[in-house]
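What the coordinates show
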Amino acid sequence: MAKVSIINKVTNFSEWYDNVVEAADIIDKRYPVKGMLVWKPYGFKALKLTMRILEDLLDEYGHEEAYFPMLVPEEVFGLEKDFLEGFSGETFVVERTISRNLQRKFLLRPTSETVMYYMFRYWIKSYRDLPLKLYQTVNVFRYETEHTRPILRVREIIRFNESHTAHATPEDAERQIKEAIEVYSKFFNALDLAYIILRTPKWDTFAGAEYNYDFFTLMPDRRAIELGSVINLGQKFAKAFEIVFQKEDGTHEYAYQTCYGVSERVVGVLMSVHGDDRGIIFPPNVAPIQIIIIPIVYKGTEDIVLKKVERVFKQLKDKKFRVKVDYSEKSPGEKFYYWEMKGVPIRIEIGPRDVEKGVVVLVRRDTLEKITVKDEEIEGKIRELFEEIKRELSSRSEKWLNENIFSAEKLEDAVRIYNEKKGIVKVPWCGDDECGQKIEEETGLEALGFDPEEKIDGICSLCGRPAKHYMYLGKKY
Ligand SMILES: [Zn+2]
């Protein structure tokens, strides 16, 4: 399994990705259910560290964590008709035990709107109960009919962080949408991922929603991938689920709701975007191992080298760094490749001469630059390098995304540009839904959405009427 190979990430992305997620001990694909993965401890640690950043942010912004059940009675699931229709093709049904049929049908949550809102109606009675801001991080199940891809497109999403809020006024729900966008922006910034935020065109809007925004970034194969969604549900679910509250003036109204979600997909994306031909590069804040120490021993110098290795290890561990020593029998060169592939941000090499001189050699994973530092400066230098690595990853990701967004005035130019360069191409659009769908048809590309704030001066690339927005086109994961 621990195969180390150098694969060009950009030209052979599929091969690179499939190789890296297994060779680096992120997941094991051999479990015999398609789209359901085993996460190995190393990968799972990265996932936990990543999700913790988001949960801390949600807590900071006044959300509370709760837990709701995995099974949804069929009749509850069907209360909001658009939602039922939107998820009917991908929702698993539980209707029997091995030997008996059940009296009711249950569905495995593909997302938890119906589960939570069934309870919200008991909890929300007065304007004093609002706003309500909850989240949970749970597994959800979606029968993906398209090709599954490890972590990126799966049938069991194992860490779906879904937030659900309820508000007394449409203005407060709007404010919540802005807050959610702020939370997610901070989250993706913390992962050093560049993104664009687009409003989804109407015909692609989340089932049962008024409108939604998606965060997109660009994978190494120049296809767009959705990182997270922020959704304004309006009162549609409140009406379906009877979530009614008494206002200050004594009258009654349905609550206004929002929801937003992010999943483990973000870990698949950050490994892909930050990695290089040698393998993964984890940002230090989510790296399962932040520092790997490699003893360089020769006959007769084992004692002094290992003594120093132990000392440096203990010093860093005491300071709460996630640090490990590779004592295996492999050669130093093999160890270098192996830990580079696994994405450890900093390697420390300690050999007999370093012991003599009172120094160690630090190697950055992102640039492979070697830096010799005095023993007493190790800790400070590592903290400094962590910051520099994050800045470097972030600017690479920004550059990759920006270099691959193009614009075209005419549809035929958009198609030509896409065929040459892939990425994302934006074209002027009048804002009319029918026109937008025709743009998709004529270009054979998918509409990712539009930025309502972006200024535009031009005519629709399809109908020639004045343009209202740039429509962003590409191919989605
Ligand atoms: Zn038009």
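Report follows, based on the coordinates. (Residues numbered from 1 in each chain as written. Predicted model: local features only at pLDDT ≥ 70, side-chain atom pairs only at ≥ 80, totals over all residues. Heavy atoms only, no water.)

1. Things to note about the pairing of strand β21 (residues 424-429)
The buried fraction of β21 amounts to six of the six residues, a majority that puts the element mostly inside the structure. The two faces of β21 match: Ile 424, Lys 426 and Pro 428 on one face and Val 425, Val 427 and Trp 429 on the other face are all buried. In terms of strand pairing, strand β20 (residues 405-407) meets β21 through three bridges, oriented parallel. Bridge pairing in β21 places Ile 405 opposite Ile 424. With helix α13 (residues 411-421) bridging β20 and its parallel neighbour β21, the resulting β-α-β unit is right-handed. The sheet contact formed by β21 and strand β23 (residues 469-474) spans five bridges and is antiparallel. Bridge pairing in β23 places Val 427 opposite Met 471. (Buried < 20%, exposed > 50% of the residue type's maximum accessible area, 1.4 Å probe, protein only. Helix = DSSP H or I, 4+ residues; strand = E, 2+ residues; numbered from the N terminus. Pairing = 2+ DSSP bridges. Right-handed = clockwise from strand over helix to strand, strands pointing away.)

2. Some words on the packing of helix α2 (residues 41-60) against helix α6 (residues 170-190)
The contact between α2 and α6 brings their axes to 10 Å, and the two run at 150°. Classified by the angle between their axes, α2 and α6 sit roughly antiparallel to one another. The handedness of the crossing between α2 and α6 comes out as right-handed. Contacts between α2 and α6 pair Thr 50, Ile 53, Leu 54, Leu 57, Leu 58 and Glu 60 from the former with Val 183, Tyr 184, Lys 186, Phe 187 and Ala 190 from the latter. (Axes fitted to C-alpha atoms, helices over the stretch in contact; angles between N-to-C directions. Parallel < 35°, antiparallel > 145°, perpendicular 65-115°, else oblique. Left-handed = near helix turned anticlockwise from the far one by under 90°. Contact = heavy atoms within 4.5 Å.)

3. Thoughts on the side chain of Glu 113
Here Glu 113 lies in helix α5 (residues 113-123). Contacts of Glu 113, omitting those with residues within four sequence positions, involve Phe 83, His 164, Phe 206, Phe 237 and Cys 259.

4. What about the coordination of the zinc ion?
Coordination of the zinc ion by the protein involves Cys 430 (SG), Cys 435 (SG), Cys 460 (SG) and Cys 463 (SG), with metal-donor separations of 2.3 Å. In this structure, the zinc ion is surrounded by four donor atoms whose angles at the metal cover 103 to 114°, and the resulting shape is tetrahedral. Written as a sequence motif, the donor residues of the zinc ion are C-x4-C-x24-C-x2-C. Of this pair, Cys 430 sits in the loop between β21 and α14 (433-443) while Cys 460 sits in the loop between β22 (446-449) and β23, and the two are 30 residues apart along the sequence. (Donors = N, O, S within 2.8 Å, 3.2 Å for Na, K, Ca; no water. Tetrahedral: all angles 85-135°; square planar, octahedral: opposite > 155°, others 65-115°.)

5. Considering the packing of helix α1 (residues 13-23) against helix α8 (residues 265-274)
Running from amino to carboxyl end, α1 crosses α8 at an angle of 120°, the nearest separation of the two axes being 11 Å. In this structure, α1 meets α8 at a crossing whose hand is right-handed. On the side of α1, the interface is formed by Phe 13, Trp 16, Tyr 17 and Val 21, while α8 contributes Gly 268, Met 271 and Ser 272. Residues belonging to the contact of α1 with α8 are distributed by class as follows: five nonpolar, two polar and no charged. (Nonpolar A, V, L, I, M, F, W, Y, C, P; charged D, E, K, R; others polar.)

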